[in-house]
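Read off the chains here:
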Amino acid sequence: MATRKQLKAAILARRAAKGPRKKRTRPEPRQYTVVDLERVRDRVAAAERRIDNDPRSNPNRGRAGLERAQLELSVIESQLRLRDLLE
């Protein structure tokens, strides 16, 4: 049976063989296109239809999906305006 020192040495050797840990690099920001804009506009319209056609009396039901889609729409529009792809 291996002693404690032998086990510790084996673990350290295995860890050293992997190499040093690296820092996580951040991904580049997404470059949206006009197709993405159209897709998000459709999502906003679909969310509005879902809220309008909901028979329940809760006015806030489904609101989160609409607000999320509207936020994404504004982000895409502002980025496309910055890149002069949208007037």
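This text gives an overview of the structure that appears in the document. (Residues numbered from 1 in each chain as written. Predicted model: local features only at pLDDT ≥ 70, side-chain atom pairs only at ≥ 80, totals over all residues. Heavy atoms only, no water.)

## A few points about the environment of Ile-51
Then step 1. Positionally, Ile-51 belongs in helix 2 (residues 34-52).
Then step 2. Sequence spacing of Ile-51 and Arg-63 is 12 residues, and the spatial spacing of their C-alpha atoms is 7.3 Å.
Then step 3. If we skip the residues at most four places from it in the chain, Ile-51 touches Arg-61, Gly-62, Arg-63 and Leu-66. (Helix = DSSP H or I, 4+ residues; strand = E, 2+ residues; numbered from the N terminus. Contact = heavy atoms within 4.5 Å.)

## Focus on the pattern of salt bridges
Then step 1. For the coordinates displayed, the defined rule picks out 6 salt bridges.
Then step 2. Residue Glu-77 pairs with Arg-41 through a salt bridge whose shortest N-O separation is 3.6 Å. Taken as a pair, Glu-77 in helix 3 (residues 63-82) and Arg-41 in helix 2 lie far apart in primary sequence, 36 residues in all.
Then step 3. You can call Glu-77 buried: its relative accessible area is 18%.
Then step 4. Its relative accessible area of 41% is what places Arg-41 among the partly exposed residues.
Then step 5. As a salt-bridge pair, Glu-72 and Arg-43 come within 2.7 Å of each other at their nearest N and O atoms. Remark: Arg-43 occurs in helix 2 and Glu-72 occurs in helix 3; sequence separation between them is 29 residues.
Then step 6. Counted as one network, the salt bridges with shared partners bring together Arg-30, Asp-36 and Arg-39. (Salt bridge = Lys/Arg side-chain N within 4 Å of Asp/Glu carboxyl O. Buried < 20%, exposed > 50% of the residue type's maximum accessible area, 1.4 Å probe, protein only.)

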